[in-house]
Amino acid sequence: MTAGDHGQRELPELLDRLTVGEARADRLTHVEELPPRPARHAAWPAWVPTEVQAAYAARGVLAPWQHQVAAAEAAWGGAHVVLSTGTASGKSLAFQVPALSAVLTARGGRGERGAAALYLAPTKALAHDQWAGLDALGLDVRLSTHDGDSTREQRDWTRDHGEYVLTNPDMLHRSLLPAHERWSRLLATLRYVVVDEAHHYRGVFGAHVAQVLRRLRRVCHRYGSDPVFVLASATMSDPAAAAARLTGVPVTAVTDDASPRGHVALALWEPPLTSFLGENGAPVRRSATSETADLLADLVVDGVRTLAFARSRRGVEQLARTTSDLLAEVDPSLRETVAAYRGGYLPEERRELEQQLRAGDLTGLAATNALELGIDVSGLDAVLMVGFPGTRAALWQQLGRAGRGAGDALGVLVARDDPLDTYLVHHPEALVGQPVEANVFDPDNPHVLGPHLCAAAQELPLTEADLPVFGPTTEDLLGQLTAAGLLRRRPRGWYWTDQRRAADLVDIRSGGGTPVQLMEAGTGRVVGTVDAARAHGTAHAGAVYLHRGETWLVHELDLDEHVAVLERTDPGWSTSARETTSISILREREHVLWGPVRLSLGDVEVTHQVVSYLRRRHPSGEVMGEEPLDLPERTLHTVAVWWSVPDDLLADAGLAARDLPGAAHAAEHCSIGLLPLVATCDRWDIGGVSTARHADTGQLTVFVHDGHPGGAGFAERGYRAAAAWLRATRDTIADCECPEGCPSCVQSPKCGNQNHPLDKAGALDLLDLVLAHAPRQGVGPDG
């Protein structure tokens, strides 16, 4: 088969492409195969109008799948429902059919709006893709998008006439809810609220969206509507509980996927250690991007239509460029068969790339997860992933882009040089044999709930009857907001008293504090913002900052004015901040004893100070130098999980006092890297501190804490799953082939102490002590 032949490839042939040459075979650590699955269809429900059935039939859907009908029937019957099934399983049809049917059947005699639907997507691009799909059905339904690009005329038309309105949680928070009186006609007829890609709402963002949805329910009640929530999600653990926590109402889950699937194989791939030495002389693995470029080039040469996912836009551009250069060495004409696809492209550019891929003009495409979110690209043979995409749900969603329908599919996860990827490629059961992650977020976080209570009070005065809507901590928090002068208590409830718009108190995608504006040097144009908490480490003077896939160099950070001045350039290196950190325990919420080891969860105060930054040559990671910084201390009140080990236990195990700091430090680093295995977070969302003797415990103690004020639920999830989490940490260190510690096990790219001291062997001994009396799962009898 040549590069121009676009037939579907057989799995054995695809697998052979991976292991050409002896070195390649050693890099393949595991292949997991899933058998084909036939489709199971169901009849259209009797309530679906004939024009809706005909519209889908014209698109090739003659009969829906069983899970689509189950979810649609539940929603039509008035039950809140979450559909949690795999990629390409037609989740959109399941929520579109009841919403479209309601709009068409509830109209008055003169075409007045009798029912409306509100569709929420985590990204503007996905909402526009949904709009295009709905518009292509050709139904007489008034569709409209409402986002930051909408003109005043479009917004007016949407308010007055829109029946199926597509928007995002940000616009709901900042535009629709604060101006609810102007949207009253839509809100009064709102029958369905669709929450698409619900698994993306996690951490602090998920907590904010949960409160926005509670505000929406409350305002709808004011206008006499009680909309049904229909959520669509990639597979996740306990979707009913996650959806209920997000919406605040009981939700029924539909999880039995009846869509067809071909033969699927997931290959796990570990790049080799190189002769290059990194920080403190540790060995470094070949970069996952370079390794993936080799694989992509080989597959393209053999005509295997392949999609390669990278996590950043810069990574996508580099992957496409490197692959094109490799292909040009084989045949210059092949250079044009690979392209990059990422957010930030114009819609017509994206559509052209999608069409070229479908038509076979492109054989390889490097993409960010902009192509993961519901974009329909079919007929692919293989998917490559530059590193674990963060969650098992995202991994299977990306893999689902290949072999769509009944075609065979090959996915290759190429491990990055970090502890989580190292663990996964050596423990395939963590990807295949386990349920996907729980969606972790905490709607009761006072730093999240407080601003939303203010926004709700400005929308409609809060009453005693509203307290259950916002959760058990609402009444106490209202007292604090009243004492602070933000709210006023009157006999009829709580009122907003400030002159500001309460919705402007918080950016729902931010961790809190006044965001730092990113201002382009010379023009003064604001190109974006960064959380106040992250600005010290990512937007300091000299930082190389990635924003929307573009590389910028920061010239100045003005903390008083909350402005960072930067210039669009790519200096050829990346930067990583160094900081000193201390931690104090404010309150232990609960604990459990594993023999003499105490595992705790509680509130802490973390003090950070960024003191310098390293420049690393790109893409090798070679350290070029360290530059000092003069920035003030920051304090963070958050939630942590920690474990403490008595001195006599350490002494009896033969751990010398001089080795304890390095052992604890190495265990801390690896446990931070492995927390995403049990909680839907990124290692940059969390932090840690370790010490051979902590002032508050009097013992060797290792802390892992949330990086957001009030906590985001990650540390608590680590506490609940501590046994599995710390065993995975221990196994990662043991499995890594390096002699004394490296980025794949105990080194951290964000370490404030330049990864010193680290004791890999000591960390193994220490974790063995901690786990000696641990249960198989959870935290123990009380957990």
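Our structure's up above, just so we're on the same page.
The paragraphs below set out a description of the structure included in this document. (Residues numbered from 1 in each chain as written. Predicted model: local features only at pLDDT ≥ 70, side-chain atom pairs only at ≥ 80, totals over all residues. Heavy atoms only, no water.)

**A closer look at the sheet that holds strand β7 (residues 228–233)**
Consideration 1: Taken in spatial order, the seven strands of this open sheet run β4-β5-β3-β6-β7-β2-β8, and their pairing is parallel. Looking at which strands have only one partner, the edges of the open sheet turn out to be β4 (143–145) and β8 (252–254). Across the sheet, the axes of successive neighbouring strands diverge by a mean angle of 15°, strand direction being ignored.
Consideration 2: Bridge count between strand β2 (residues 81–84) and β8: three bridges; the pairing is parallel. Pairing of V81 across the sheet is with T252, part of β8.
Consideration 3: Strands β2, β6 (190–195), β7 and β8 of the sheet are contacted by helix α4 (residues 66–76), whose axis makes an angle of about 165° with β2.
Consideration 4: Together, β2, β3 (116–120), β5 (164–167), β6 and β7 form the strand contacts of helix α5 (residues 91–105), whose direction differs from that of β6 by roughly 165°. (Pairing = 2+ DSSP bridges. Helix = DSSP H or I, 4+ residues; strand = E, 2+ residues; numbered from the N terminus. Axes fitted to C-alpha atoms, helices over the stretch in contact; angles between N-to-C directions. Contact = heavy atoms within 4.5 Å.)

**Quick word on the pattern of salt bridges**
Consideration 1: Tallied over the full model, the rule gives 34 salt bridges.
Consideration 2: Among the ionic pairs, R24 bridges to D298, the shortest N-O distance being 2.6 Å. Here D298 lies in helix α12 (residues 288–301) and R24 lies in helix α2 (residues 22–27), a separation of 274 residues in the sequence.
Consideration 3: A residue is classified by how much of its surface remains accessible, and D298, at 32% relative accessible area, is partly exposed. (Salt bridge = Lys/Arg side-chain N within 4 Å of Asp/Glu carboxyl O. Buried < 20%, exposed > 50% of the residue type's maximum accessible area, 1.4 Å probe, protein only.)

**Topic: the sheet that holds strand β20 (residues 526–530)**
Consideration 1: Across the sheet, which stays open at both edges, the five strands sit in the order β20-β19-β23-β22-β21 with mixed pairing between neighbours. Because the sheet does not close on itself, it has two edges, and the strands there are β20 and β21 (544–547). Strand-to-strand, the axes of this sheet are offset by a mean angle of 40°, without reference to chain direction.
Consideration 2: Direction of pairing for strand β22 (residues 550–558) relative to strand β23 (residues 563–568): antiparallel, over a ladder of six bridges. Its bridge partner lying in β23, D558 is registered against V563.

**A closer look at the pairing of β6**
Consideration 1: With respect to burial, β6 is a largely interior element, five of its six residues being buried.
Consideration 2: Bridging between β3 and β6 involves five bridges; their strand directions are parallel. For L120, the partnering residue across the bridge sits in β6 and is V195.
Consideration 3: Direction of pairing for β6 relative to β7: parallel, over a ladder of four bridges. Considered in β7, the bridge of Y192 is made with V228.
Consideration 4: A crossover connection joins β6 to the parallel β7 through helix α10 (residues 203–222); in handedness this β-α-β unit is right-handed. (Right-handed = clockwise from strand over helix to strand, strands pointing away.)

**Structural notes on α10**
Within an α-helix, residues lying three or four positions from one another point in the same direction, as the helix has 3.6 residues per turn.
Consideration 1: Its 20 residues give α10 an end-to-end C-alpha distance of 30 Å, which sits within 8% of 28 Å, the value for a rise of 1.5 Å per residue.
Consideration 2: Buried residues dominate α10, accounting for 17 of its 20 residues.
Consideration 3: Phi turns positive one or two residues past the end of α10, at G224, with a value near 85°. (Expected span 1.5 Å × (residues − 1).)

**A look at the pairing of strand β29 (residues 700–706)**
Consideration 1: Taking burial as the measure, the seven residues of β29 include seven buried ones, the bulk of the element.
Consideration 2: Across six bridges, strand β27 (residues 634–645) lies against β29 in antiparallel orientation. Along β29, the bridge assignment pairs W642 with F703.

**A short note on the packing of aromatic side chains**
Consideration 1: Taken as a whole and assessed by the stated rule, the structure comprises five aromatic pairs.
Consideration 2: Ring centres of F95 and Y119 lie 5.9 Å apart, and the angle between their planes is 40°; on these two criteria the pair is classed as tilted. On the criterion of sequence distance, the pair formed by F95 in helix α5 and Y119 in strand β3 is long-range, its members being 24 residues apart.
Consideration 3: Of the residues examined, Y119 reaches a relative accessible area of 0% and is grouped as buried.
Consideration 4: Just above the ring of F441 sits the side chain of R245; from NZ or CZ to the centre is 4.6 Å.
Consideration 5: Over the aromatic face of W494 sits the side chain of R489, whose NZ or CZ is 4.0 Å from the ring centroid. (Phe/Tyr/Trp six-rings, centres within 6.5 Å; stacked < 30°, edge-to-face > 60°. Lys NZ or Arg CZ within 6 Å of the ring centre and 35° of its normal.)

**So, the nonpolar core**
Consideration 1: By size, the foremost hydrophobic cluster in this structure holds 87 residues, and its most contacted members are W594, W643, V645, L675, L700 and L766.
Consideration 2: No other element matches the eight residues that helix α23 (residues 660–674) contributes to this core.
Consideration 3: Discounting chain neighbours no more than four positions away, the residues touching L675 are C681, I686, V704, F714, G718 and W725.
Consideration 4: Judged by nonpolar contacts, the second largest core, of 40 residues, contains V52, A75, Y164 and V254. (Core = buried A, V, L, I, M, F, W, Y, C linked by side-chain atoms within 4.5 Å.)

**Concerning helix α3 (residues 50–58)**
Consideration 1: Turning to α3, its buried residues number three or more, namely V52, A55 and Y56. Along the axis of α3, the buried residues cluster in a sector spanning 95°; they form a single face. Turned more than 90 degrees from where α3 packs its buried face, T50 and A58 sit exposed.
Consideration 2: In this fold, the buried residues of α3 make contact with α5. (Arc of directions from axis to C-beta.)

**Side note on the environment of A240**
Consideration 1: With respect to the element layout, A240 can be found in helix α11 (residues 239–247).
Consideration 2: Those residues in contact with A240 that lie beyond four places of it in its chain are V82, V251 and A253.

**Describing the side chain of Q747**
Consideration 1: Structurally, Q747 can be placed in the loop between α25 (722–735) and α26 (760–771).
Consideration 2: Those residues in contact with Q747 that sit more than four places away from it in its chain are E279, N280, A282, H669, R683, G741, C742, N755 and L758.

Distances and angles like these do not, on their own, reveal function.
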